[in-house]
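A look at the structure
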Amino acid sequence: MALVVGSATVATGMSPVVEGGLYADEIFQDGITFTSEHDVGNAGQIQVEVYSPDNSIEPKTPGADFVNSEYANTVVDINTNNSFQKSQKVPAYVQATMPTSVLLNKTWAVTEDIRIARQKTGLAVLATEGTASGDTDAITAANVKEKVLALRKELRKKHARPDVVIASVDTYSAMLEAAGKDYTPITNDSVVATGRVGYWMGMLWVEATLLGGSFKYNNASGVAQTVDTSTIELIMYDHMAFSIIDKLVMLRTIDNPNAAGALVQEEVDSGFKVTNAACVVVKKRLITQDESPVGLSDDEEFDFDDGVVK
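Residues numbered from 1 in each chain as written. Predicted model: local features only at pLDDT ≥ 70, side-chain atom pairs only at ≥ 80, totals over all residues. Heavy atoms only, no water.

The strand order across the open sheet built from three strands is β5-β15-β14, with neighbouring strands paired in antiparallel fashion. Looking along the sheet, the strands with just one partner apiece sit at the ends: β5 (82-91) and β14 (242-255). Strand-to-strand twist across the sheet, computed as the mean angle between neighbouring axes with direction ignored, equals 10 degrees. Note: β14 against strand β15 (residues 261-274), 13 bridges, orientation antiparallel. In the sheet register, leucine 248 faces β15, and the bridge partner there is valine 268. (Pairing = 2+ DSSP bridges. Helix = DSSP H or I, 4+ residues; strand = E, 2+ residues; numbered from the N terminus. Axes fitted to C-alpha atoms, helices over the stretch in contact; angles between N-to-C directions.)

Glancing now at the pattern of salt bridges. Evaluation of the coordinates by the stated rule reveals eight salt bridges. Put simply, lysine 147 and aspartate 135 hold a salt bridge, and the shortest N to O gap is 2.8 Å. Of this pair, lysine 147 sits in helix α3 (residues 144-156) while aspartate 135 sits in the loop between β6 (131-132) and α3, and the two are 12 residues apart along the sequence. The shortest N-O distance in the salt bridge between lysine 147 and aspartate 137 comes to 3.9 Å. Of this pair, lysine 147 sits in helix α3 while aspartate 137 sits in the loop between β6 and α3, and the two are 10 residues apart along the sequence. Relative accessible area serves as the criterion here: at 9%, lysine 147 is assigned to the buried category. One network of salt bridges, in which partners are shared, links Glu26, Glu112 and Arg115. (Salt bridge = Lys/Arg side-chain N within 4 Å of Asp/Glu carboxyl O. Buried < 20%, exposed > 50% of the residue type's maximum accessible area, 1.4 Å probe, protein only.)

Here the focus is the pairing of strand β12 (residues 224-228). Bridging between strand β11 (residues 214-218) and β12 involves five bridges; their strand directions are antiparallel. Opposite lysine 216, over in β12, you have threonine 226 as the bridge partner. In this structure, the hairpin formed by β11 and β12 is closed by a connection of five residues, where glycine 222 is found at a positive phi of approximately 85 degrees.

Here we take up the layout of surface pockets. For the second largest pocket, the calculated volume is near 370 Å³. Lining the second largest pocket are 18 residues, with Val50, Tyr51, Arg161, Asn276 and Cys279 sitting closest to its centre. The residue makeup of the lining of the second largest pocket, split by class, is nine nonpolar, four polar and five charged. (1 Å grid on protein atoms, 1.4 Å probe; cavity = no way out; pocket = protein on both sides within 12 Å on 5 of 7 lines; lining within 4 Å. Points joined across faces, edges and corners; volume = space filled by probe spheres on them. Nonpolar A, V, L, I, M, F, W, Y, C, P; charged D, E, K, R; others polar.)

Right, let's talk about the environment of threonine 121 for a bit. Locating threonine 121 in the fold gives a position in helix α2 (residues 100-129). Look at threonine 121 and you get buried, because its relative accessible area is 2%. Residues threonine 121 and threonine 226 lie 105 residues apart in sequence; the distance between their C-alpha atoms is 9.8 Å. Among residues more than four places away in sequence, those in contact with threonine 121 are Asn82, Phe84, Lys216, Tyr217 and Phe272. (Contact = heavy atoms within 4.5 Å.)

So, in structure tokens, the structure goes:
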């Protein structure tokens, strides 16, 4: 007979096999859907130079003198000011029934919780700092190819090199229906271990089951932002224009100083930045009158005509 204390079952043997959790798929992979190349160590702020594409020159006659151009650039900041912390209590009466592997799985679970939070923040930053598309018609299997080509054309005319599409479940499903045999799933890549990923129209498609929620993050100025992603259908971008910098601050299991048992703790400090908005386009659909936007406070209302919160 098992003994139940609070919400925990104790005085029984606990299997080292842990049931799989319903954790969201992996979205962000370094060098594939974002870049960390600007990381220069443990600095809290990293500055990146963004150059204009309009620095072209015209041919001269051989032997002509050089004309010096003025140095001009734009500096953007990547601040590691989003801290993800999780501390999980493991009471002594539960710990006593756990094989070592189960306690290690508690560490894995804490890491997964932080991974999900980090992905939500990444999506929020892309949605906020990317360039909003003027197309607000809903994507369907019948029009997805046309709309994706139009968005790609929009980016290419700005000299961007779009290579990633992060899509909502509905958009990804419409793409699969339209692509048919032209869709090329990835079978030998680290991303596919936890995500639904493949190539279509020369770009990597990543299904984002997290799109649709309301996410919070601290922007480069340290101001808290709340982002509603319920109407986002896809985000198309050049992965080199989206930076994520991660600093593992702590990962430990310690005795609980306030009660019998242990604490499993992890902290990761991260910086997220779209370093060039011209390389990221965010496609949203208009919200309908029978939908309720996610995350509105009691003193906010949604303007259906303008598509904004007031």
